[in-house]
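The lines below spell out each chain.
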Amino acid sequence: CFRKIQLDIPNLDAESSPIEDILTGLMQKKPKKQDASVVGFKLMVGQLYNEDVNAVARFIKENNIKILSLVRTNVLRRCFSLSQLMETGDATVHQDIKQKKVHVKPEFWTWCANRDKTLEEQRVEFLRQIPKNLVMNLTYEDLCANTETKLGEIQAFVGFKSPFVWNTNVVKMHSADLKDLIQNWEETEKEIINVFGESAVNEWRNPVC
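As a starting point, this report considers the structure included with it.

Reading the values: the criteria
- Residues numbered from 1 in each chain as written.
- Predicted model: local features only at pLDDT ≥ 70, side-chain atom pairs only at ≥ 80, totals over all residues.
- Heavy atoms only, no water.
- Helix = DSSP H or I, 4+ residues; strand = E, 2+ residues; numbered from the N terminus.
- Buried < 20%, exposed > 50% of the residue type's maximum accessible area, 1.4 Å probe, protein only.
- Areas by Shrake-Rupley, 256 points an atom, 1.4 Å probe, with all protein chains shown as cover.
- Phe/Tyr/Trp six-rings, centres within 6.5 Å; stacked < 30°, edge-to-face > 60°.
- Core = buried A, V, L, I, M, F, W, Y, C linked by side-chain atoms within 4.5 Å.
- Disulfide = S-S within 2.5 Å.
- Salt bridge = Lys/Arg side-chain N within 4 Å of Asp/Glu carboxyl O.
- Pairing = 2+ DSSP bridges.
- Axes fitted to C-alpha atoms, helices over the stretch in contact; angles between N-to-C directions.
- Parallel < 35°, antiparallel > 145°, perpendicular 65-115°, else oblique.
- Left-handed = near helix turned anticlockwise from the far one by under 90°.
- Contact = heavy atoms within 4.5 Å.
- Nonpolar A, V, L, I, M, F, W, Y, C, P; charged D, E, K, R; others polar.

Across its full length, the chain carries nine helices and two strands. Written out in order from the N terminus, the α and β elements of the chain read α-α-α-β-α-α-β-α-α-α-α. Looking at the chain as a whole, 34% of its 209 residues are labelled buried. As displayed, the chain offers around 13800 Å² of accessible surface, 48% of which is attributable to carbon and sulfur atoms.

This is the structure:
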């Protein structure tokens, strides 16, 4: 929620300030890296629709802000990551970890698939309000499989003068088979196949990214 953002900017209170002022504050925050030349921020679709989505779209257009719209097309992996986040509170990991089994209620998969469908519809609806020249659509899978190429395209789109120098210590969270990650696999396997299809389960076992 925008209201929980820590802006650390004098005379700007995320609890009561207009959304336009909060977004301006985000753009004015000092970058953590001293050599950073471009400032940006991340918004989740759910955040947009918890606030005034039209005000956000208007701010982006008026300030000519470019959007990198990143989507993970593998909904099963998105949903499992969400189940893990809800269970453990962890969204990313920075070292190899022992992957523990978790209990996932069978009905969770239908709920998550429906939630994902709604969020995707909202993402598309929001982007319709933004001029196409301000939007670059990306998929997690393509960015992962063609990292160098995609970073070059992002560089050109955003207008970086220098190529990206990138490195990360973030590691893949879920590399094990689903049956080794879900405690109640026998109970939930049928529901996963019904919701996502058997091909999604097979794709998990033979991932490109």
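Still to come is the rest of the account.
A few words now on the packing of aromatic side chains. If you walk through the whole model with that rule in mind, you get four aromatic pairs. Centre to centre, the rings of F108 and W109 are 5.3 Å apart; their planes meet at 75°, and the pair counts as edge-to-face. A single burial state applies to F108 and to W109, both of which are buried. Here W109 and F196 contribute two aromatic rings whose centre-to-centre distance is 6.1 Å and whose plane-to-plane angle is 85°, an arrangement assigned as edge-to-face.

With that settled, consider the nonpolar core. Counting residues in hydrophobic clusters, the biggest one holds 19 residues, and the most contacted among them are L76, F80, W109, I182, I192 and F196. Counting residues per element, the ones that place at least two in this core are α4 (75-88), α5 (107-127), α8 (185-196) and α9 (198-205). Of all hydrophobic cores here, the second largest spans 16 residues; its members include L26, L48, V56 and F126.

What follows covers the environment of N114. As for its position among the elements, N114 is in helix α5. The spatial distance from the C-alpha of N114 to the C-alpha of V195 is 9.8 Å, given a sequence separation of 81 residues.

Attention shifts here to the state of the cysteines. Going through the model one piece at a time under the given rule, you end up with one disulfide. Between the sulfur of C79 and that of C112 lies a disulfide, 2.1 Å long from S to S. With the S-S dihedral at roughly -100°, the linkage between C79 and C112 falls on the left-handed side. Taken together, the positions of C79 in helix α4 and C112 in helix α5 put the pair 33 residues apart, joining distant regions of the chain. By relative accessible area, which is 1% here, C79 ends up buried. On the basis of relative accessible area, C112 is assigned to the buried category, the value being 3%.

A side chain with one charge can pair with a side chain of the opposite charge if their charged atoms come near. Within this structure, the stated rule accounts for seven salt bridges. With a shortest N-O distance of 2.9 Å, D116 and R78 are connected by a salt bridge. Separated by 38 residues along the polypeptide, D116 in helix α5 and R78 in helix α4 bring together distant segments of the chain. Exposure remark for R78: the relative accessible area of 27% places this residue in the partly exposed category. Between K150 and D142 there is a salt bridge, and its shortest N-O distance comes to 3.3 Å. Look at D142 and you get partly exposed, because its relative accessible area is 28%. When salt bridges with common partners are traced through the structure, they connect D142, K150 and E153 into a single cluster.

Let's shift gears to the pairing of strand β1 (residues 67-71). For a regular strand, the rule is simple: side chains alternate between the two faces of the sheet. Here β1 shows one buried face, formed by I67, S69 and V71, and one open face, formed by L68 and L70. Note that β1 and strand β2 (residues 135-139) share five bridges and pair parallel. Opposite L68, over in β2, you have M136 as the bridge partner.

In the contact formed by α5 and α8, the axes pass within 8 Å of each other and the chain directions differ by 25°. What the angle tells us is that α5 and α8 run roughly parallel. As α5 packs across α8, the resulting crossing turns out to be right-handed. Residues W109, T110 and A113 of α5 pack against T188, E191, I192, V195 and F196 of α8. When grouped by side-chain class, the residues that make up the contact of α5 with α8 number five nonpolar, two polar and one charged.

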